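Each chain, written out:
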Protein chains: 2
Amino acid sequence: MTDVPAEFDRATGVTASADGTYAADLGAGWVVGGGVNGGYLLATLGRALGQTVPGKPDPVAISAYYLAASTPGPATVTTRVLRDGGSVATLAADVSQGDSHRITALAAYGDLSGLTDDVATTASPPDLPPLEQCVGFGDAPPEFRDQAPPLMSRFDMRFDVASAGWAVGTPSGRGLIQCWFRLPDREPDPLSLLLAVDAMPPATFDLGMYGWAPTLELTAHLRARPAPGWLRLRHATRNVAGGMFEEDCEVWDSADRLVAQSRQLARTPRP
Amino acid sequence: MTDVPAEFDRATGVTASADGTYAADLGAGWVVGGGVNGGYLLATLGRALGQTVPGKPDPVAISAYYLAASTPGPATVTTRVLRDGGSVATLAADVSQGDSHRITALAAYGDLSGLTDDVATTASPPDLPPLEQCVGFGDAPPEFRDQAPPLMSRFDMRFDVASAGWAVGTPSGRGLIQCWFRLPDREPDPLSLLLAVDAMPPATFDLGMYGWAPTLELTAHLRARPAPGWLRLRHATRNVAGGMFEEDCEVWDSADRLVAQSRQLARTPRP
């Protein structure tokens, strides 16, 4: 470990002002499609919320509605405590840039290390080949890498070959993308899980629907502090209809624990 | 059809005040466990939100955080327009009773009848036997009916026998409950789907964990106006851990369309 903060922590850093608002600086390296990545934004506002109520640093549930695309540069996160008492506090957050309201969010914050240790999960981890058999960004054809958004260089993702056909124009048609995931310079924690749930390409890529899929709403549930090591992500859609699709992401840690679940509603890419 | 409003419409009725707040009267018939049913509350605040922006009557996505249990009697729904423009408006709502803040919610509202008619759903409808082979509340043992909460008499639910073991002390252990569902005196619409997604007993009943499971957060996506007729519901949990569980509900209409999807995070019942 070094004393230099990891890139993710620097990029999601917030500075509290006297009036309880937080100043953020959205990084150009996190751009994808028409704006700054939604998971990165969620982690940034999530960091501000984690500093709002003493003893309740962790998101347990968080729901963000994306009103307008965010752009690199200064942003303000405003937080409000709606209720504090018992094991979770209910909080609200808003992200704005200048006069533009970008995101509004509600959240339940608590202390994930204080949860009971009962686990009766019936879901199964992603069916992923060993890491060394999966393909990463570095394995992609140069013409793909040249066109890839900046976001793709912020983390290390290793895709199941069966999930990676979209990168070479042969999507599987299942609407399912799975990968190994890690940040290059730090271990996972609850905040980085907020990034992970919206880090992968849209599951619609695997249906041959390429293009940016703007998120309308995303809710994540954080169920445990992740163990150190690689995460495994499963991202899937089952209901593409009416110009929108739902997308479920599961995040599994190295201890085979389902540590986060998210669902978002997004607009299908326009051809 | 008759001119008398259906029970659900009367019970979720709201009256706009001059200042843009709405008065509601929560019905004692909708009580379950330690308070008024969360789906009924969602439909009530959803009705107020549907009257807030002209031309945008329908919930497309709605996320509610339940701060405290609601009780029968007067309630106030306060709504705010956060952004209006394009095909959806982003709205906020709060429900209070006296000085107590009960629910806070965010939502995207639009017009479900204006969606494109592309459907590429890969999910399958619940695997339910024909209605006449399913069991309803009227088939339950008298000792069960005598203890059932008032809510159970507000709608008609017919359970797959495989999903109904919990009613006689023999849960399947799958964490899955499926049923046919209808309101006795009206056809389904987007508002009644908000009720449907939280109408069933907790999926934990099917794991032998009886008792009230208070919802922390519930998000529903409404994907189409439902066709007339019975709905089919599938309610399942896959991640019971740390004193909480997630619960996914799917609502399918008589035209085999996946019209609503919800996920909630709830506390596991205490033994």
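Under the annotation held in an unreviewed UniProt entry, chain A carries the name Thioesterase family protein and is attributed to Nocardioides islandensis.

Peer 1: Go over helix α2 (residues 38–50) of chain A with me, naming the residues and quoting the values.
Peer 2: With 13 residues, α2(A) extends 18 Å between its outermost C-alpha atoms, agreeing within 8% with the 18 Å of an ideal straight helix rising 1.5 Å per residue. Of the residues flanking the start of α2(A), the one acting as N-cap is A:Asn37, its side-chain oxygen 3.0 Å from the backbone nitrogen of A:Gly39.

Peer 1: For the relation of the copies chain B and chain A, give the residues involved together with the corresponding values.
Peer 2: At an RMSD of 0.0 Å, chain B and chain A line up after a rotation of 180 degrees and a shift of 0.0 Å along the axis. Interpreted geometrically, this transformation is the action of a two-fold axis. Mapped onto chain A, 100% of the interface residues of chain B are again interface residues, and the two copies thus contact each other with one and the same surface.

Peer 1: Tell me about the pattern of salt bridges, residues and numbers included.
Peer 2: Residues and elements named next belong to chain A. As enumerated under the stated definition, the model contains 26 salt bridges over all chains in all. In this structure, Lys 56 engages Asp 84 in a salt bridge whose closest nitrogen and oxygen atoms are separated by 2.5 Å. You can see Lys 56 sitting in the loop between α2 and β5 (58–66) and its partner Asp 84 sitting in strand β6 (residues 73–85), a full 28 residues away along the chain. For Arg 186, the salt bridge goes to Asp 189, with nearest N and O atoms at 2.9 Å.

Peer 1: Can you break down the packing of aromatic side chains residue by residue, with the values?
Peer 2: Evaluated as defined, the whole model comprises twelve aromatic pairs over all chains. Considering the side-chain rings of A:Trp30 and A:Tyr40, the 4.7 Å spacing of their centres and the 10 degrees angle between planes classify their relative orientation as stacked. Residue A:Trp30 is found in the loop between β2 (21–26) and β3 (31–32), and its partner A:Tyr40 is found in helix α2; the two are separated by ten residues along the sequence. The pair formed by A:Trp30 and A:Tyr40 is uniform in burial state, with each residue classed as buried. Seen from their ring centres, B:Phe8 and B:Trp30 are 6.3 Å apart, and the 65 degrees between their planes marks the pair as edge-to-face. Taken together, the positions of B:Phe8 in helix α1 (residues 7–11) and B:Trp30 in the loop between β2 (21–26) and β3 (31–32) put the pair 22 residues apart, joining distant regions of the chain.

Peer 1: Give me the lowdown on the nonpolar core, citing residues and values where you can.
Peer 2: Judged by nonpolar contacts, the single largest core of 144 residues is most densely connected at A:Phe181, A:Val251, B:Phe181 and B:Val251. Contact partners of B:Val251, with chain neighbours within four places excluded, come to B:Leu193, B:Ala196, B:Val197, B:Leu231, B:Arg232, B:Leu233, B:Arg257, B:Leu258, B:Val259 and B:Ala260.

Peer 1: Give a description of the UniProt feature "domain: Acyl-CoA thioesterase-like N-terminal HotDog" (unreviewed entry) in chain A that names residues and reports values.
Peer 2: Mapped onto this structure's residue numbering, the UniProt feature "domain: Acyl-CoA thioesterase-like N-terminal HotDog" (unreviewed entry) falls at residues 29–108 of chain A. Spanning residues 29–108 of chain A, this segment combines 16% helix with 56% strand, and its end C-alpha atoms are found 29 Å apart.

Peer 1: Hey, could you go over the interface of chain B and chain A for me, with residue numbers and the actual values?
Peer 2: Contact residues are listed per partner, giving 52 residues for chain B and 52 residues for chain A. Overall, the association of chain B and chain A removes approximately 4400 Å² of surface from exposure, summing both partners, and the carbon and sulfur fraction of that is 51%. The largest contributions to the chain B side of the interface with chain A come from B:Tyr65, B:Arg223 and B:Arg238, which together make up 16% of the buried area. In this assembly, chain B and chain A are joined by four salt bridges. Among the ionic pairs, A:Arg238 bridges to B:Glu250, the shortest N-O distance being 2.7 Å. Listing elements by their share of the side of chain B that touches chain A, those giving two or more residues are β5 (58–66), β6 (73–85), β7 (88–97), β8 (100–110), β12 (215–222), β14 (240–241), β15 (244–252) and β16 (258–267) of chain B. The element contributing the most residues to the side of chain B that touches chain A is β16(B), with seven residues. Each residue belonging to the side of chain B that touches chain A can be placed in one class, and the counts come to 22 nonpolar, 17 polar and 13 charged.

Peer 1: A description of the side chain of B:Thr79 should follow, citing residues and the corresponding values.
Peer 2: Residue and element names in this part refer to chain B. Topologically, Thr 79 is positioned in strand β6. Overall, the relative accessible area of 14% leaves Thr 79 in the buried class. Polar contacts involving the side chain of Thr 79 include one to the side chain of Thr 52, which spans 3.4 Å. In this structure, Thr 79 is in contact with Gly 20, Tyr 22, Ala 48, Leu 49, Thr 52, Ala 92 and Ala 93, ignoring residues within four places of it in sequence.

Peer 1: An account of the environment of B:Ser87 is requested, with residue identities and associated values reported.
Peer 2: You can see B:Ser87 is positioned in the loop between β6 and β7. Residue classification places B:Ser87 among the partly exposed residues on the basis of a relative accessible area of 45%. Along the chain, B:Ser87 and B:Gly114 lie 27 residues apart, while their C-alpha atoms are 8.9 Å from each other. Ignoring any residue separated from it by four or fewer positions in sequence, one finds B:Ser87 in contact with A:Arg267, B:Lys56, B:Tyr109 and B:Gly110. Within the structure, B:Ser87 has its side chain in polar contact with the side chain of A:Arg267 (distance 3.5 Å).

Peer 1: Account for the pairing of strand β15 (residues 244–252) of chain A, with residues named and values stated.
Peer 2: Residues and elements named next belong to chain A. Counting buried residues along β15, nine of its nine residues qualify, which places the element largely inside the surrounding structure. On β15, burial covers both faces: Met 244, Glu 246, Asp 248, Glu 250 and Trp 252 on one face and Phe 245, Glu 247, Cys 249 and Val 251 on the other are all buried. As defined by bridge partners, strand β13 (residues 231–236) adjoins β15 across five bridges and the pair is classed as antiparallel. By the bridge assignment for β15, Ala 236 is matched with Asp 248. Judged from the two bridges that link them, strand β14 (residues 240–241) and β15 form a sheet pairing that is antiparallel. Bridging across to β15, Ala 241 finds its partner in Met 244. Between β14 and β15, which pair antiparallel one after the other, the connecting turn spans two residues, and Gly 242 there sits at a positive phi close to 60 degrees. Bridge count for β15 against strand β16 (residues 258–267) is nine bridges, and the pairing is antiparallel. Bridging from a neighbouring strand, Cys 249 pairs with Ser 262 of β16. In this structure, the hairpin formed by β15 and β16 is closed by a connection of five residues, where Asp 256 is found at a positive phi of approximately 65 degrees.

Peer 1: Requested: an account of the environment of A:Val119, with residues and values cited.
Peer 2: Within the fold, A:Val119 resides in the loop between β8 (100–110) and β9 (135–136). Residue classification places A:Val119 among the partly exposed residues on the basis of a relative accessible area of 46%. Separated by 138 residues in sequence, A:Val119 and A:Arg257 place their C-alpha atoms 8.7 Å apart. Each residue touching A:Val119, except ones within four places of it in the same chain, is listed here: A:Arg257, B:Val240 and B:Ala241.

Peer 1: Describe the pairing of β12(B), listing the residues and the values that go with them.
Peer 2: The side chains of a regular strand alternate between both faces of the sheet. Residue and element names in this part refer to chain B. With eight of its eight residues buried, β12 lies for the most part within the structure. In terms of strand pairing, β5 meets β12 through five bridges, oriented antiparallel. Residue pairing in the sheet places Ser 63 in a bridge with Thr 219 of β12. Relative to β16, β12 is paired through seven bridges, and the arrangement is antiparallel. Residue pairing in the sheet places Ala 220 in a bridge with Ser 262 of β16.

Criteria and cut-off values
- Residues numbered from 1 in each chain as written.
- Chains lettered and ligands numbered in written order.
- Predicted model: local features only at pLDDT ≥ 70, side-chain atom pairs only at ≥ 80, totals over all residues.
- Heavy atoms only, no water.
- Helix = DSSP H or I, 4+ residues; strand = E, 2+ residues; numbered from the N terminus.
- Expected span 1.5 Å × (residues − 1).
- Polar contact = N/O pair within 3.5 Å; in protein donor to acceptor, adjacent residues only side chain to side chain.
- Least-squares fit on C-alpha atoms with pLDDT ≥ 70 in both.
- Contact = heavy atoms within 4.5 Å.
- Salt bridge = Lys/Arg side-chain N within 4 Å of Asp/Glu carboxyl O.
- Phe/Tyr/Trp six-rings, centres within 6.5 Å; stacked < 30°, edge-to-face > 60°.
- Buried < 20%, exposed > 50% of the residue type's maximum accessible area, 1.4 Å probe, protein only.
- Core = buried A, V, L, I, M, F, W, Y, C linked by side-chain atoms within 4.5 Å.
- UniProt positions renumbered as here; feature names shortened; annotations may be inferred.
- Buried area = accessible area lost by both parts, 1.4 Å probe.
- Nonpolar A, V, L, I, M, F, W, Y, C, P; charged D, E, K, R; others polar.
- Pairing = 2+ DSSP bridges.

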